[in-house]
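Listed below, chain by chain, are the residues.
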Amino acid sequence: MRLRVDPVKCQGYAICTEVAARHFTLDDWGFAQALVVDVDEGDVPAVTEAVRECPVRAIRWIDGPATGGPAPRPAPPAV
Ligand code: SF4
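Note that the coordinates shown come from a computational prediction; the quantities given were computed from them, not determined experimentally.

**Some details on the overall build of the protein chain**
For the protein chain, the helix and strand inventory stands at two helices and four strands. Along the protein chain, helices (α) and strands (β) appear in the sequence β-α-β-β-α-β when read from the amino end. Split into buried and exposed, the 79 residues of the protein chain put 20% on the buried side. Taking as baseline every contact in the protein chain between residues at least 6 positions apart, the subset at least 24 positions apart corresponds to 57%.

Right, here's the structure in full:
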């Protein structure tokens, strides 16, 4: 499964680097970078916790498990 850090949303709280230290680091400006983009199945729980704990929702799975964020809006009624 693949993950991505949104460099615009990231505010450098560094929670991800504490929760999943092998997968995230901070760059010279203090913003997160993903060290591993393709996450092994065994590491998914730690990275999922980082996704959930990021206060600004800057980390997301590209093709992985749900982030625990708000439920998607229902589809509008058919006309
Ligand atoms: S927890 Fe979120 S805001 Fe904080 S450094 Fe990581 S990605 Fe950036």
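**As for the nonpolar core**
In this structure, Cys 16, Ala 32, Val 47, Ala 50, Cys 54, Ala 58 and Ile 59 are the most contacted members of the largest nonpolar core, which totals 14 residues. Elements represented by at least two residues in this core include exactly β1 (3–5) and α2 (44–53). In terms of residue count, α2 provides more of this core than any other element does, three residues in total. With sequence-adjacent residues up to four places away left out, Ala 50 is seen in contact with Cys 16, Val 19, Ala 20, His 23, Phe 24 and Ile 59.

**Details of the site of the ligand**
In the region of the ligand, 13 residues are neighbours, and Cys 10, Tyr 13, Cys 16, Ala 32 and Cys 54 sit closest. Partitioning the shell around the ligand into residue classes produces eleven nonpolar, two polar and no charged.

**Remarks on unusual backbone geometry**
With phi around 70°, Ala 14 is a residue other than glycine that occupies positive phi space. Secondary-structure assignment places Ala 14 in the loop between β1 and α1 (15–19). Although it is not a glycine, Arg 57 sits at a positive phi angle of roughly 55°. Considering the arrangement of structural elements, one finds Arg 57 in the loop between α2 and β4 (59–61).

**Focus: α2**
For an α-helix, 3.6 residues make a turn, and residues three or four places apart therefore share a direction. Within the sequence span of α2, burial applies to Val 47, Thr 48, Ala 50 and Val 51. Projected onto a plane normal to the axis of α2, the buried residues spread over an arc of 155° and lie on a single side. Residues of α2 that are buried make contact with β1, α1, β2 (24–26) and β4.

**Some points on the environment of Asp 38**
When you line up the elements, Asp 38 lands in the loop between β3 (32–34) and α2. Given 9 C-beta atoms within 10 Å, Asp 38 falls into the exposed group. Taking the C-alpha atoms as reference, Asp 38 lies 9.7 Å from His 23; in sequence the two are 15 residues apart.

Analysis parameters
- Every chain is numbered independently, its residues counted from 1 as its sequence is written.
- Only residues with pLDDT of 70 or above have their local features reported here, since the model is predicted, and side-chain atom pairs are shown and tallied only from 80 upward, although totals for entire chains, interfaces and linings are computed over all residues.
- Segments assigned H or I by DSSP are reported as helices when at least four residues long, segments assigned E as strands when at least two residues long, and all are numbered from the N terminus.
- Neighbour density around each residue's C-beta defines its exposure: 20 or more other C-beta atoms within 10 Å make it buried, 12 or fewer make it exposed, and counts between make it partly exposed, where C-beta atoms are placed from the backbone.
- Note on contacts: each residue gets a C-beta atom placed from the backbone, and two residues are in contact if those atoms are within 7 Å.
- Residues of type Ala, Val, Leu, Ile, Met, Phe, Trp, Tyr and Cys that are buried and joined through C-beta atoms within 7 Å form what is called a nonpolar core.
- We call a residue near a molecule or strand when its C-beta atom, built from the backbone, sits within 6 Å of it.
- Gly is placed with the polar residues, together with every amino acid not listed as nonpolar (Ala, Val, Leu, Ile, Met, Phe, Trp, Tyr, Cys and Pro) or charged (Asp, Glu, Lys and Arg).
- It is the directions from the helix axis to the C-beta atoms whose arc is reported.

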